[in-house]
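# Architecture at a glance
Read off the chains here:
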Amino acid sequence: MTKEDADQLLREKGQEHILKFYDELEDEQKSALLQQIADLDFSLLDAIRDSKEAKRGVIEPLGAVEIPEIEERKEEFTEEGLKAIREGKLAAVLLAGGMGTRLGFDKPKGSFIIGETMELSIFECLFHNLMEVTDMAGVLIPIYVMTSEKNHEDTVLFFEEENYFGYDPAYVHFFTQDMAPAVDYDGKLLLEEKGRLATSPNGNGGWFSSLYKAGLVEDLHSRGVEFLNIFAVDNVLQRIADPAFLGAVILSGKDGGSKVVRKVSPDERVGVLCSEDGHPSIVEYYEMTEDMRTLKDEKGELVYRFGVILNYLFRLESLEEIMAKHLSVHVVEKKIPYIDDEGTPVKPEEPNGYKFETLILDMIHMMDSNLPYEVVREKEFAPVKNLHGVDSVDSARDLLRANGVKL
Ligand code: UTP
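What counts and what doesn't
- Going along each chain's sequence as written, the residues are numbered from 1 onward.
- In keeping with the predicted nature of the model, local features appear solely for residues at pLDDT of at least 70, side-chain atom pairs appear and are counted solely at 80 or more, and the whole-chain, interface and lining totals rest on all residues.
- The basis for every side-chain value is the complete set of non-hydrogen atoms in the structure, without hydrogens or water.
- Accessible area is worked out with a 1.4 Å probe on protein chains only. A residue is then buried under 20% of its type maximum, exposed over 50%, and partly exposed in between.
- Comment: elements are numbered from the N terminus, with helices defined as DSSP H or I runs of at least four residues and strands as E runs of at least two.
- Following DSSP output, two strands are said to pair if at least two bridges run between them.
- Think of it as the arc spanned by the lines of direction from the helix axis to the C-beta atoms.
- All axes are obtained by fitting lines to C-alpha atoms, using only the stretch in contact for helices, and the reported angles, taken between N-to-C directions, cover 0 to 180 degrees.
- Throughout this document, a residue counts as near a molecule or strand when at least one of its heavy atoms sits within 4 Å of that molecule or strand.
- Side-chain atoms alone can form a polar contact between residues adjacent in sequence; in general such a contact is a pair of N or O atoms within 3.5 Å, and within protein one must be able to donate a hydrogen while the other accepts it.
- Basically, the charged four are Asp, Glu, Lys and Arg, the nonpolar ten are Ala, Val, Leu, Ile, Met, Phe, Trp, Tyr, Cys and Pro, and anything else, Gly included, counts as polar.

For strand β17 (residues 353-357), the tally of buried residues reaches five of five residues, placing the bulk of the element in the interior. Taken together, the three bridges between strand β5 (residues 179-184) and β17 define a ladder with antiparallel strand orientation. When the sheet's bridge partners are listed, Asp184 is paired in β17 with Gly353. In the sheet, strand β14 (residues 330-334) pairs with β17 via five bridges, with the strands oriented antiparallel. In the strand pairing of β17, Glu333 is matched with Tyr354.

Now the structure itself:
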């Protein structure tokens, strides 16, 4: 794209301010900025208007396989899952492209040391959990690690320095997710430097298209993979490639499954899994009506009682079927560092604009079916979002200790 093309496009879009410092840039910076403009998906900006108009469909409860049933059928589920794992049908996808802003740690979240007396990182915890299964199955499971432009190098370096936490590097693949621009409250694109638009990873919904772009879906096929277990980097008690979960999903014949925990209170801030217009769907805590939050069944239990913990199984075939469909774009208010009109860097203390994200929960809704699979919260859910308080390093350490992990 030439400077003239960029000028014209930006004028049409009301974004000409982003070339304000263009003449001060080195040649290399000029072409990098023009490339960023050429790659920009301006339709994302429409999401600011669209998200205000978005309406939900008819919401109903979605039956889960609950702990008593899982206990009863544990052996059957586990055997079915282990068989599939031994046949090479399962791969894992670690979502590690997030910025982890709430933690306030400027390295990849997975490299955060959760150990107190030992150098135990979050990544290492996760690999220990995965290796419990691979040891039991007697085979290795390929794992695909999604990073972002912002943390890719640091992540790969950390894996190398830590010897892949004892896992075989031939079974670990990295891929990078796409970035999305950020805007102020008037919808104006922000610059993070004179020659660079402010961008951030485009949310955790972009993982399958990024995996595809990286040529890794072909790799999955060549290995005979049929199921993917997607999980978040920041739950240190995450059970990865859980054979019983996989077995339950296979036996259910559904497109996939979601690990869920019983909500501790109607107001707990987790998304709940339900049915929306006949499809599985996740309603975020801030979207729930008072009725939905508090409604009880005849046993006195919350009707919408199962919260998701970002651990899902998908059939590869079902993912490929929905790939051509468009994922909704969510508009999220965030603190976005930028440079002001004078070119001075500003690090806001309060949210100052919007970022655009696609979310994995929308992929669930695109599927025909999904199996909510209940797990014991204290054994499988220790999210690290903040340093202290709820869902923090402190609470995760307590839970790790309670599960016998040496810190
Ligand atoms: P969160 O939604 O908690 O976001 O991510 P975050 O970026 O890690 O943390 P905050 O909100 O800035 O504090 C849930 C999971 O999704 C991944 C994260 O790495 C984490 O595993 N994620 C999130 C991505 O892989 N890419 C993204 O663009 C966003």
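Before going further, it helps to examine helix α9 (residues 216-223). Owing to its 3.6 residues per turn, the α-helix aligns residues three or four sequence positions apart on the same side. Among all positions in α9, only Leu216, Val217 and Leu220 are buried. Around the axis of α9, the buried residues are gathered within 110° of arc, so they sit on the same side. Those residues of α9 that are exposed and aimed more than 90 degrees away from the buried face are Glu218 and Ser222. Following α9 by one or two positions, Gly224 adopts a phi angle in the positive range, close to 80°.

Moving on: the sheet that holds β17. Strand order in the open sheet made by the four strands is β8-β5-β17-β14, with antiparallel pairing throughout. Lying at the two open borders of the sheet, with one neighbouring strand each, are β8 (199-201) and β14. The average undirected angle you get between the axes of adjacent strands in this sheet is 35°. Examined bridge by bridge, β5 and β8 share three bridges and lie antiparallel to one another.

On to the site of the ligand. Around the ligand sit 20 residues, and of these Leu95, Thr101, Gln177, Gly203 and Lys385 come closest. Contact between the ligand and Gly98: an oxygen atom at 3.0 Å from a main-chain N or O atom of the residue. Contact distances for the ligand include 3.2 Å between an oxygen atom and a backbone N or O atom of Gly100. Residues of the shell around the ligand, tallied by class, amount to eight nonpolar, seven polar and five charged.

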